[in-house]
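# Structure assessment
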Amino acid sequence: MGAERIAALWWVMAGGALLIWVLVVGLSIYAIRVSPEAHGEGKARWLIIGGGAIVPTVVLGALLSHGLSLMPELLAHERRADLTIHVSGEQWWWRVEYVLPDGRRAVTANEVRLPVGRAAELILTSPDVIHSFWIPPLGGKLDMIPGRQTRLVLEPTRTGTFRGACAEYCGTSHALMALDAVVLEPEAFARWLDTQAAPAREPATPLAREGAALFLGHGCGACHTVRGTQANGGVGPDLTHVGGRLTLAAGTLRMSEAALARWIARPAAVKPGVHMPAFGMLPDGQLRALAAYLAGLE
Ligand code: CUA
């Protein structure tokens, strides 16, 4: 909503700039072509004062007062957010945490889901270097600065999936730090959020059960949390509902069992510089079991 107003303001500003440009260029051409005797000194002085000072002052003054008049409304919008989402930029993924009205917390990664027509306040932070949160179709970008909180209010007006990206160079895999914003109808959003806040599903197949045991046995839980199990690490993304996400590795791979197995075996081949260690020494059967387990965590 705010973004639409700002976009409209941009067009007004561009119109004003065009007006000044046409006047200045027109006067320049006139000044080059006119014969020196055409005007008396008095008239020439008025051309300079009028074209050089009065017209620009009037146009810039009008644009400034128009811009300032939008401020109270934009600020009022920011104050009444219906939903708070904490987003932390990490190297090179996004930690996303929803605080539900009943105090429960839902942690996910690399995608932000929003209800259409509601204002959501995003509180942006970073534990390492400066990142920048940007979903171009939804609104302006805002830096995520270590030791500080920045706030961005988004109020999407239509449903759909919108691609976002990190817009500040943050290290080796900056270019592979994308995210999806999924705008849902409010009921669908409420169902999704409820699922996210719940503990992980029990593995449903023998292969997935084997994967769950391997996940704990290989120490994956030292870095990753799967709520409802002993895995409670906080270094990497929360995997409680990883199988329900659209992508893996921050927008780098479409979510699938094959992508999960590939990622676990050789993460640095997908995302150079990644902090996740490679598990390519595991037999194929174990990789398939781990992938089946994680894909089932919807
Ligand atoms: Cu994070 Cu660039």
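Residues numbered from 1 in each chain as written. Predicted model: local features only at pLDDT ≥ 70, side-chain atom pairs only at ≥ 80, totals over all residues. Heavy atoms only, no water.

### A look at the packing of helix α4 (residues 206-217) against helix α7 (residues 284-295)
At a minimum axis separation of 7 Å, α4 and α7 run at an interaxial angle of 100°. Taken together, the axes of α4 and α7 lie roughly perpendicular to each other. Here α4 contributes Leu 207, Ala 208, Glu 210, Gly 211, Ala 212, Leu 214 and Phe 215 to the contact with α7, which in turn contributes Gln 286, Arg 288, Ala 289, Leu 290, Ala 292, Tyr 293 and Leu 294. (Axes fitted to C-alpha atoms, helices over the stretch in contact; angles between N-to-C directions. Helix = DSSP H or I, 4+ residues; strand = E, 2+ residues; numbered from the N terminus. Parallel < 35°, antiparallel > 145°, perpendicular 65-115°, else oblique. Contact = heavy atoms within 4.5 Å.)

### Some thoughts on α4
Its twelve residues give α4 an end-to-end C-alpha distance of 16 Å, which sits within 8% of 16 Å, the value for a rise of 1.5 Å per residue. Within the sequence span of α4, burial applies to Ala 208, Gly 211, Ala 212, Leu 214 and Phe 215. End-on view of α4: buried residues confined to an arc of 165°, all on one side of the axis. Across from the buried face of α4, at angles greater than 90 degrees, the exposed residues are Pro 206, Ala 213 and Gly 217. At its buried positions, α4 is contacted by α7. With its phi angle positive at about 80°, Gly 219 sits one or two positions after the end of α4. (Expected span 1.5 Å × (residues − 1). Buried < 20%, exposed > 50% of the residue type's maximum accessible area, 1.4 Å probe, protein only. Arc of directions from axis to C-beta.)

### Some remarks on the sheet that holds strand β4 (residues 111-115)
Backbone hydrogen bonds are what pair the strands of a sheet, in a parallel or an antiparallel way. The mixed open sheet is built from five strands, whose spatial order is β4-β10-β9-β6-β7. Among the strands making up the open sheet, the edge pair consists of β4 and β7 (142-144). When the angles between neighbouring strand axes are averaged without regard to direction, this sheet yields 25°. As judged from the three bridges shared by strand β6 (residues 131-134) and β7, these two strands associate in the antiparallel manner. Its bridge partner lying in β7, Phe 133 is registered against Leu 142. Helix α3 (residues 186-197) rests against β4 and β10 (178-184) of the sheet, and its axis sits at about 135° to β4. (Pairing = 2+ DSSP bridges.)

### Regarding the sheet that holds strand β1 (residues 83-90)
In space, the five strands of this open sheet follow the order β3-β2-β1-β5-β8, with mixed pairing throughout. Of all strands in the sheet, those bounded by a partner on one side alone are β3 (105-109) and β8 (150-154). Between one strand axis and the next, the sheet turns by 25° as a mean value, whatever way the strands run. Here β1 pairs with strand β5 (residues 120-125) via six bridges, running parallel. Bridge pairing links Val 87 to Leu 124 in β5. Strands in contact with α3 are β1, β2 (93-99) and β3; relative to β3, the strand with the most contacts, it is inclined by about 95°.

### Observations concerning the pattern of salt bridges
As enumerated under the stated definition, the model contains eight salt bridges in all. The closest approach of N and O atoms between Glu 121 and Arg 151, which form a salt bridge, is 3.2 Å. With Glu 121 in strand β5 and Arg 151 in strand β8, this residue pair connects regions lying 30 residues apart in the sequence. The buried category is assigned to Glu 121, whose relative accessible area is 16%. Assessed through its relative accessible area of 43%, Arg 151 is described here as partly exposed. It is possible to trace a salt-bridge network through shared partners that takes in Asp 102, Arg 104 and Asp 194. (Salt bridge = Lys/Arg side-chain N within 4 Å of Asp/Glu carboxyl O.)

### A word on the environment of Leu 68
The topology assignment puts Leu 68 in helix α2 (residues 41-79). Overall, Leu 68 belongs to the partly exposed group, its relative accessible area being 48%. Placed 123 residues apart in sequence, Leu 68 and Arg 191 show a C-alpha to C-alpha distance of 40 Å.

### Describing the nonpolar core
Residues Ile 85, Val 87, Trp 94, Tyr 98, Val 112, Leu 122 and Phe 133 are the most contacted members of the largest nonpolar core, which totals 37 residues. Looking at this core element by element, the count peaks at five residues for β10. Every residue in contact with Tyr 98, bar those within four places of it in the chain, is listed here: Leu 83, Thr 84, Ile 85, Arg 104, Arg 105, Ala 106, Thr 108, Val 112, Arg 113, Phe 189, Trp 192 and Leu 193. Counting residues in hydrophobic clusters, the runner-up holds 31 residues, among them Leu 214, Leu 248, Leu 282 and Tyr 293. (Core = buried A, V, L, I, M, F, W, Y, C linked by side-chain atoms within 4.5 Å.)

### What to know about the pairing of β6
The pairing of β6 with strand β9 (residues 160-166) spans two bridges and is antiparallel. Within β9, the residue paired with Trp 134 across the bridge is Ala 165.

### So, unusual backbone geometry
Between Gln 91 and the following residue, Trp 92, the backbone shows a cis peptide bond with an omega angle of 0°. One can find Trp 92 in the loop between β1 and β2. A positive phi angle is found at Asn 110, which is not glycine, with a value near 65°.

### Some details on the pairing of β8
Counting buried positions over the five residues of β8 gives four, a clear majority of the element. In the sheet, β5 pairs with β8 via five bridges, with the strands oriented antiparallel. Within the sheet, the bridge partner assigned to Ala 120 lies in β8 and is Leu 154.

Any functional reading would require information beyond the geometric quantities listed.
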